[in-house]
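The chain contents come next:
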Amino acid sequence: MHALLFDFAKSLGDNLADLDLIRPELFLAMTFLVAFVYDLFAEKTAKRLVGFLCLFGAIASFVLTMSVESSAMTAYSGNIFIDSFSHYFRFLCYGTLALALVVAISSKSIRTPREGEFYYLMVATGLGMVFLSMANSLLMIYLSLEMLSLMCYVLAGYQKRDRKSSEAGFKYVIYGALASGTMIYGMAHLYGVTHTLELDKVIEALTRMLAHGEIAWWQVLVLALMLFAGLAYKIAAFPFHMWSPDVYEGAPTAATAFFSVGPKVAGFAIMVRVFFLLRTAFDDPALANSEEIKTLSFWLARIFVIVAFSTMTIGNLAALAQNNVKRLLAYSSIAHSGYILAAFVVIAPTAFGEGAAYFGLEAVLLYLLVYVFMNLGAFYALVCIENKIGSTDLGDLRGAATYAPFLSVTMAISLFALVGLPPLSGFIGKFFVFRALLDPYTGGSEGTQSSILLFLAFAIAVNSVIALFYYVRVLKTMVVDAPSELTKQSAIRMPQGYAFVSLVFAVPTLLLGIFWNPASEIVSDVRIEVGAPADAGNTATAAANAVGEIASADDASASEDAD
């Protein structure tokens, strides 16, 4: 009995001590609760203040992250792992949430009596994003992913009286349930095989079993693909991309902007961590002669190449036929997932060397950073124009430059950056992807020369040309074409504040393409740690451990006396 009580005290002490490691998340959770309570009593005309409160919480959490230690350590019984990789994604998630809230606050499509709900649901989604990027166990991955997904379902169907919005929410739920069910089924099998939930221990057990022939390579491949299914759904990768166009078109434009970046950032964070750890385990010199591991690596490489190529190609080709800008940007978002997955190919457990893997890691980190600014910049310009004309159809945007010249420039900067034209940030993102793919050919790192990397690099180049066509089509409609009938009916005046806020997106898109070296240095220092002492440096944990040992000794002594 004493041992149970002291074990409980030890666990409680550990959890209380670990609170210091998640100060930013606690502050964001408090922001959610305050926004929720304020929204209950706020007047209908004051609902927009909830958005500014949530924006303050996101910015404050971003700042608080600077004060949190980023050395490798686990927390909450190994469910959370804190290292430079998770620290980078904490900044990225909070920054993405703040920028997406700026877009939402600017949007008139969510101005309803329930407007406050939209903002604090975005905050809850942000919490799920952050915890997913820090997850270190199968259980934490699933809980964070579901927290993220459930909030997105509600945001997609926010306009419940709009048939398209309701349809978007319903489709999101159906596809999400299928992907989540597949993933948790794979997780259940992983737990049954390895008898643990912690990522590093799961991977260590799988690797050992593979090396000793206790499990076949194809069985591990199936389990890996089941896990990948849930994550590929969040990043809208082939073949789990089908939900994206309909949901993006039907959801409020502010929600669509958030979906295009937020879940993608968190999904790539955990996907990279999982498969990088698997790669590190496979690179053990003691396992170099394992045929099972070699075969699994071979097939993983081919599968990820197929997924990356199919994702970017399907996204770009489908975007060519779109006449709704939101739907066009949805397919564009799918294509960009393919570009990032191309860099992911050299990170996953493949035959390519360690140097190429770190180049791939840097490419993913930098691409996600620039993608947030350039994609949200395009959506912000679209939201502001939609506020005035009430439509996102391409035909209704004709002549938008006549009444929104500054927003048209912002749209042009964002779309050209998405293409990857210099000197914009998108060019730097794609350059890093090309560097990761072509590194084995330069002799700069160890690895097997393989034509599949050259094939992917060529595919990115061709797809960028295809993307240029439909991006320029949008700009031609806005700048060259005569104004639409919808525009001619009334004189449209854009608030000066729109132009000022658009600088938040346009300026970083420009600067990151010209002065990219600071961002490159930051991502080059990010590393995914493999293993760490539980709750490193935690005095309270050490004290609790000592108390537990004393209690165990007392119980043992009492048992001897009874005998």
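Here the structure is a predicted model, which is why all the values come from computation and not from measurement. Residue indices begin from 1 for each chain and proceed along its sequence in written order. Where local features are concerned, this predicted model is filtered to residues with pLDDT of at least 70; where side-chain atom pairs are given and counted, the filter is 80 or more; whole-chain, interface and lining totals use all residues. Only hydrogens and water are removed before side-chain values are computed, so all heavy atoms of the structure are retained for them.

Caption draft 1: Fine view of the overall build of the protein chain. Helix and strand counts for the protein chain come out as 22 helices and two strands. Residue exposure (1.4 Å probe, protein chains only): buried if accessible area is under 20% of the type maximum, exposed if over 50%, otherwise partly exposed. Buried residues in the protein chain amount to 58% of all 563 residues. Taking the intrachain contacts of the protein chain between residues at least 6 apart in sequence as the baseline, contacts between residues at least 24 apart amount to 80%. Carbon and sulfur atoms make up 67% of the accessible area of the protein chain, which amounts to about 22000 Å² in all. For the purposes of this entry, the term helix denotes a DSSP run of H or I that reaches at least four residues, the term strand denotes a run of E that reaches at least two, and both are numbered from the N terminus. By definition, residues are in contact when any of their heavy atoms lie within 4.5 Å. Where accessible areas are quoted, they stem from the Shrake-Rupley method and a 1.4 Å probe; at the residue level, only the protein chains shown are allowed to cover.

Caption draft 2: Spotlight on the packing of helix 10 (residues 243–250) against helix 13 (residues 325–344). Only the stretch in contact is used when a helix axis is fitted, and all axes are lines through C-alpha atoms; the angle between N-to-C directions ranges over 0 to 180 degrees. It is the contact of helix 10 with helix 13, at a shortest axis distance of 8 Å, that shows an interaxial angle of 145°. Between helix 10 and helix 13 lies a crossing of right-handed hand. Of the residues in helix 13, those touching helix 10 at S244, P245, D246, Y248 and E249 are K326, R327, A330, Y331, S333 and I334. By convention, the crossing between two helices is left-handed when the near helix turns anticlockwise from the far helix through less than a right angle, and right-handed when the turn is clockwise.

Caption draft 3: Geometry of helix 21 (residues 517–524). Looking at helix 21, one finds that the buried residues are A519, S520 and V523. Seen along its axis, helix 21 keeps its buried residues to an arc of 100°; they face one direction. For this quantity, the arc is that covered by the directions from the helix axis to the C-beta atoms.

Caption draft 4: Inspection of unusual backbone geometry at higher detail. Of note, the bond from F238 into P239 is cis; its omega dihedral lies within 30 degrees of zero at 0°. Position of P239 relative to the elements: it lies in the loop between helix 9 (217–235) and helix 10. The backbone phi angle of H195 is positive, close to 60°, even though this residue is not glycine. Structurally, H195 can be placed in the loop between helix 7 (163–194) and helix 8 (199–211). With phi around 60°, A236 is a residue other than glycine that occupies positive phi space. Positionally, A236 belongs in the loop between helix 9 and helix 10.

Caption draft 5: Expanded view of a nonpolar patch on the surface. Surface patches are drawn from residues lacking salt bridges whose relative accessible area is over 30%; two like charges belong together within 9 Å, two nonpolar side chains (Val, Leu, Ile, Met, Phe, Trp, Tyr) within 5 Å. Whenever Lys or Arg places a side-chain nitrogen within 4 Å of a carboxyl oxygen from Asp or Glu, that contact is recorded as a salt bridge. Side chains of F406, F500, L503, V507, L511, I514 and F515 sit close together on the surface and give an oily, nonpolar patch of about 680 Å² of accessible area. A per-element tally of the nonpolar patch places helix 20 (residues 496–514) first, with five residues. If you trace the backbone, F406 turns up in helix 16 (residues 405–419). Since its relative accessible area comes to 40%, F406 is described here as partly exposed.

Caption draft 6: Examining the pattern of salt bridges more closely. The full count for this structure, using the stated rule, is 13 salt bridges. In this structure, E25 engages R90 in a salt bridge whose closest nitrogen and oxygen atoms are separated by 2.7 Å. Of this pair, E25 sits in helix 2 (residues 23–41) while R90 is found in helix 4 (residues 84–106), placing the two residues 65 residues apart along the sequence. Both residues of the pair, E25 and R90, belong to the buried class. With a shortest N-O distance of 2.6 Å, R435 and E362 are connected by a salt bridge. Pair noted here: R435 is in helix 17 (residues 425–442) and E362 is in helix 14 (residues 354–389), with a separation of 73 residues, a long-range link.

Caption draft 7: Region of interest: helix 13. The length a helix should cover is 1.5 Å for every residue beyond the first. Here helix 13 is 20 residues long and its end C-alpha atoms lie 28 Å apart, about the 28 Å a rise of 1.5 Å per residue gives. Most of helix 13 sits inside the fold, with 20 of its 20 residues counted as buried. Between a side-chain oxygen at the N-terminus of helix 13 and the backbone nitrogen of K326 the separation is 2.9 Å; the capping residue is N324. Any pair of nitrogen or oxygen atoms within 3.5 Å is treated as a polar contact; in protein, a donor-acceptor pairing is required on top of that, and neighbouring residues in sequence qualify only through side-chain atoms on both sides.

Caption draft 8: Highlighting the packing of helix 12 (residues 291–319) against helix 18 (residues 451–479). Contact geometry of helix 12 with helix 18 gives a least axis separation of 9 Å together with a crossing angle of 10°. The angle between helix 12 and helix 18 places the two elements in the roughly parallel class. Like other packed secondary-structure pairs, helix 12 and helix 18 cross with a definite hand, here left-handed. Along its contact with helix 12, which presents A301, R302, V305, A308, F309, M312, T313, N316, L317 and A319, the element helix 18 presents I452, F455, L456, A459, I460, N463, I466, A467 and Y470. Orientation labels follow simple angle bins: below 35 degrees gives roughly parallel, above 145 gives roughly antiparallel, 65 to 115 gives roughly perpendicular, and whatever is left gives oblique.

Caption draft 9: Representation of the environment of L394. Along the chain, the position of L394 falls in the loop between helix 14 and helix 15 (400–403). Residue L394 is classed as buried on the basis of its relative accessible area, which comes to 6%. In contact with L394, not counting residues within four places along its chain, are Q322, N323, N324, V325, R473, V474 and T477.

Caption draft 10: Molecular detail of the environment of A400. Along the chain, A400 turns up in helix 15. For the pair A400 and T477, spaced 77 residues apart in sequence, the C-alpha separation works out to 8.0 Å.

Caption draft 11: Molecular detail of the side chain of S333. Within the element layout of this structure, S333 appears in helix 13. Exposure remark for S333: the relative accessible area of 0% places this residue in the buried category. One polar contact links S333 to K264, side chain to side chain, over a distance of 3.1 Å. Residues within four places of S333 in sequence aside, it is in contact with Y248, S260, K264 and Y371.

Caption draft 12: Geometry of the environment of V383. With respect to the secondary-structure elements, V383 resides in helix 14. Linking V383 and V103, residues 280 residues apart in sequence, is a C-alpha distance of 7.4 Å.

Caption draft 13: Layout of the packing of aromatic side chains. In this analysis, rings of Phe, Tyr and Trp, with Trp reduced to its six-membered ring, are considered paired at centre separations within 6.5 Å, and the interplanar angle assigns stacked below 30 degrees, edge-to-face beyond 60, and tilted for intermediate values. All told, the structure shown has 27 aromatic pairs when counted by the stated rule. Between the aromatic rings of F304 and F344, the centroid separation amounts to 5.0 Å while the plane-to-plane angle is 90°, which identifies the pairing as edge-to-face. In this pair, F304 is assigned in helix 12 and F344 in helix 13, connecting sequence segments 40 residues apart. For F344, a relative accessible area of 0% gives the class buried. Site record: aromatic cluster; members linked through ring pairs are Y153, Y172, Y233, W243, Y248 and F259. Geometrically, a lysine NZ or arginine CZ counts as sitting over a ring once it is within 6 Å of the ring centre and also within 35 degrees of the ring normal. Directly above the aromatic system of Y158 lies the positively charged group of R114, at a separation of 4.8 Å from the ring centroid.

By themselves, these observations are geometric and do not establish any function.
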